[in-house]
Every structure is written in structure tokens, then in C-alpha cells.
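Here's the letter readout for the chains.
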Amino acid sequence: MADRFDLIVIGSGPGGYVAAIRAAQLGMKVACIEKTKTLGGTCLNIGCIPSKAMLDSSELYYLAKNRFQRHGIQVGDVALDLPRMLARKGEIVKSLTDGVAFLFRKNKITTYFGTGTLIGKGKVQVRGETAAELEAPAVLLATGSEPSSLPGLPFDGTHIVSSTEALMFDRVPEHLIVIGGGYIGLEMSSVWARLGSKVTVVEFLPRLLPANDAEVAGMLHKLLSRQGLAIHLNTRVTGAKKEGTSITVTAQAGESPLEFKGDKVLMSVGRKPVTAGLGLEQVAVQLEQKTGKVIVNDRYETSVPGIFAIGDMIAGPMLAHKASEEGIACVELIAGKPGHVNYLTIPSVIYTNPELAAVGLTEEQVKETGKPYKVGKFSFVANGRAKCLDEAEGMVKVITDQKTDRILGMHILGPRASDLIAEGVLGMEFSACAEDIARTCHGHPTLGEAVGEAARAAWSTAIQS
Ligand SMILES: Cc1cc2nc3c(=O)[nH]c(=O)nc-3n(C[C@H](O)[C@H](O)[C@H](O)COP(=O)(O)OP(=O)(O)OC[C@H]3O[C@@H](n4cnc5c(N)ncnc54)[C@H](O)[C@@H]3O)c2cc1C
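Every value quoted in this text rests on a predicted model; they were computed, and no experiment measured them.

Asks: Would you take a moment to explain the pattern of salt bridges for this structure?
Replies: Any two side chains of opposite charge can pair, given that their charged atoms come close. Under the criterion given, the structure shown has 18 salt bridges. K52 is paired through a salt bridge with E187; the nearest N and O atoms lie 2.8 Å apart. Separated by 135 residues along the polypeptide, K52 in helix α3 (residues 48–66) and E187 in helix α6 (residues 183–194) bring together distant segments of the chain. Since its relative accessible area comes to 18%, K52 is described here as buried. K397 serves as the salt-bridge partner of E363, at 2.6 Å between the closest nitrogen and oxygen.

Written out as C-alpha cells, the structure reads:
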């Protein structure tokens, strides 16, 4: 006999687990199926969290080795203990994935460890550690995404690897070749460059981070080059040849052939939705032809009534917080409540040094609308707190509608941009004008003052520049 629920969630990433908890809070009897051994999905196990753990540890190592002297701190020989660094990362992951398991127990969510497959409308089979058949009026697909590779260069787990393996190299690569200058490629490049690798980034497009504001992404490009990353734009990878422990990547930059010889290749050319083995064809759930993503309507319902989908496997940016927001909105709508996601105010963050965080439109996107606009900028070099931190590179850029002063976009390259962007997100959520942020009193000395000053520059004139 099938186990009966109000909602079956397939996948326990930040989309699925958050949706499951919210649904339980709304009174639903919920099951969540996860095919790996731990809850939390890509984000907690092999994505956001372990990458930030490695970014923070490698940054401290770099600072101790290269920058502490500037503060008058002599530390003698600084040595890397990579096994300890990796173990610390593992401890953080474990504590957070255990935390999800605790929340599931607290909210009386039944967990099934195994692969979930749709075997009919409202019917899901679980195969794996637990074997079961489940039934529910609503099924939520939240199976996320996996790394893509280039044709002819498949992952082999040792020479050509994805971010998953690049988060657990057991020694510092001598020369890491990173294919793809998106945020995952740049974050992993930063980790291993700080720990001592020579790093070469090969990008097919004419610029890094094409979804970001060109001016701000250009500034980050310069700073990363200054940190030692060799960045090749307009360069198409054509192949790779392995010889013993080394690998040679061949590429074409215009008419010029190039060769890069290294010991590890990180392929970070994007991610694709996980839909195989889910039984979608069985129930005729429709996919976008080009991207393979599941098509949903504005209630996150697929082409089959009663089957919903959220997160990386549907359209939109592949970000953990976007998946969570969709999970909450989707189950609220199922429960007859007014769930909603404002896609204009989803922030994005790149955890390089300095960090790059953004919300809303880029200057290029605003230009395309043809509407008159204003730009206010404030450099961290004129911010007292940034100076004290010895992290005064970068700027805050605020773009506003010239007529209404409404904030259209905010782009921050600088220390703790990841946290500072929340002010822009909140402002845009409340349809703030630049004047609102300029007139908001910011503590002194804080990095947030740079946000206030950039808003002031967009609205009238900055005081401190
Ligand atoms: C290196 C790296 C760094 C990242 N850093 C950030 C960051 O800093 N900030 C950010 O916002 N995003 C970041 N991301 C992206 C983020 O991890 C994803 O956007 C997010 O995890 C998507 O959530 P999801 O719930 O849609 O899917 P996922 O987190 O991918 O979860 C899907 C889950 O479904 C399970 N599953 C799949 N098929 C089945 C099945 N048939 N049966 C049962 N279970 C199944 C999978 O095992 C997985 O646990 C990063 C990603 C990577 C790879």
C-alpha cells in the first residue's frame, strides 16, 4: 500500500527543503525524497557553503602570509595545513546538513533516502536506501542542477573536474586551468590562487561575468589580474590531451592557437537541470527544448496539474535563495495563500576579493530601455571603515530613474558587498528612491556609508567625494 501525504517533495536542496518546512508549517503532511546520503542539496553539500568555507579559509591564509605585516603583525612562517582546512569545511557542511535533518524532525516531515521517480499523477516510487510508493495530490520537483561539460572534454574526476572535485583537491595544484569565467570559476580560481596555484582562466566570451554590470565586472577583472590570475578572453577551448599527471588544453584566440599545460582543469561552463530518471516523460511534463528546464506557469505548476517545479530546474538564475523563495511561494499558493517572488530584486553575489554583489538592472539593461537615468558612484577608497580594514578597492554604483529617482539597480564591488547589497534589495523591494537611502542615517564608520554616499551621488551630490 502506498504511503499517503498532502505533498511529496523530490529533492532536499534549498528549494526542496525550505518548501517542505513551509508546507509543514502550513499544516500539510509532507514527505521529502533525497537521493544522496545527506539533506541540503548542492548548496549545502557541494556548492554555496563548502565554497565559501574554502574562500574564507584561503583568504585568511593569504592575509596572514601577505598582509598582516601592514597591520604591524609579525607571524613568522605561515604554513598551509590543507587537510585541516578541508576538514573544517566538512565540519561546517555536516553541522548545516544535520541542521536540516533536525528541522525536518521538528516539523514532522518524513524523509525517504532514495531516488524518486514519478510513476503516475500524484504517485512517486522511491528506490534506494528506502523503497516505497508514495501518493499525494501535489508533487513538487526540486531536483536542481548538475555541472555541464564541453563536447569532447568529459569530466574524468582527476584531470578534468567540476567544482565538486575542485572543492576537495588533496594538494594545491601547480597550475589550475579554469575553463569558464563565471562566478563558480572565479571563486574556485581565487581559492587555489591564494593557496599557491598558478591559475589560468580561459573564457570564450569577450568579458567576464556577462550578466553583471560591465563597468563593475571590468573593475573586478583588473583586480583579479593584479592578484595573479591569467585571464584569456575571446578564447575558445578546442581540446585537451593528458600525459601522465599533466594535461594540455588547446584553445583558439582569434587566429592564434594557444596551449596551456597544467595539472588540473576545472570545467565551469555552466550547469544543466537534473531531470533524467524522474519519470517526466511518463506523466508528460513538458521541458523547454533549448535548455531542458521544466516549464512552469506563474504558480510553479508544470504542464501536468498537481505537479510543481522550482529552483535550478526551472527558468531563472541558478541561485540558492531564488530556489528557496520559489519553494515558499509555491507551497503557499498550493495552500491557497498569496505566494509571490519578485524576480527584479533577487541579489547575486560573487565571493571573490573584493566581492561583487548586485541587484536590479545593469547600466547596459537600463540603457536598452531608452529611459533617461542617473548613476551615482562612491569609491571605497574614500570610506573610513574600508581604509581601516585595508580593503579600500572597489565602489558602490547606484542607477536611478532620472524622472522619479527610483532605484533601478545597485552594484557593489568591495568588502562585504555580499552583506551590503541587502540595503539595495530592501530599498528596491519597497520601491525606494535614491533620496530615501541618502537620507537614511548610516552608522559611522561603516562600509554602509558608501551605499548612502552612492545613493546621495545619484540623487544630488555625495558629501565625501
Ligand atoms: C560551487 C558552487 C557554488 C555555489 N555558490 C552559490 C552561492 O554562493 N550562492 C547561491 O545562491 N548559489 C550558489 N550556488 C548555486 C546553488 O547551489 C543552487 O542554485 C541551489 O543549490 C539550487 O537549489 P535547488 O534546491 O534547486 O537544487 P539542489 O541544491 O541542486 O538540490 C537538488 C537535490 O535534489 C536531489 N535529487 C535530484 N534528483 C533526485 C531524485 N530523482 N530523487 C531524489 N532526489 C533527487 C539532489 O541529490 C539534490 O540534493 C553554487 C553552486 C555551486 C556548484
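Asks: Is there a simple way to think about the site of the ligand in this case?
Replies: What surrounds the ligand is a group of 40 residues, the closest being E34, T42, K52, D312 and A320. Between the ligand and the protein, one listed contact pairs an oxygen atom with a backbone N or O atom of C43 at 3.3 Å. One nitrogen or oxygen atom from the side chain of H321 is found 3.3 Å from an oxygen atom belonging to the ligand. If the ligand stood free it would expose 1000 Å²; the protein chains cover 96% of that surface. At the level of elements, β3 (30–34), α2 (41–46), α3, β5 (115–120), α6 and α9 (320–334) are the ones that each hand at least two residues to the shell around the ligand. Of all the elements, α2 adds the most residues to the shell around the ligand, at four residues. Partitioned by chemical class, the residues of the shell around the ligand number 16 nonpolar, 19 polar and five charged. Shared between two domains, the shell around the ligand takes at least three residues from each, and those domains are domain 1 (3–147 + 272–341) and domain 2 (160–269).

Parameters at a glance
Residues numbered from 1 in each chain as written. Predicted model: local features only at pLDDT ≥ 70, side-chain atom pairs only at ≥ 80, totals over all residues. Heavy atoms only, no water. Salt bridge = Lys/Arg side-chain N within 4 Å of Asp/Glu carboxyl O. Helix = DSSP H or I, 4+ residues; strand = E, 2+ residues; numbered from the N terminus. Buried < 20%, exposed > 50% of the residue type's maximum accessible area, 1.4 Å probe, protein only. Near = heavy atom within 4 Å. Polar contact = N/O pair within 3.5 Å; in protein donor to acceptor, adjacent residues only side chain to side chain. Areas by Shrake-Rupley, 256 points an atom, 1.4 Å probe, with all protein chains shown as cover. Nonpolar A, V, L, I, M, F, W, Y, C, P; charged D, E, K, R; others polar. Domains from an automatic or database assignment.

As far as function goes, none of this settles anything; it's purely spatial.
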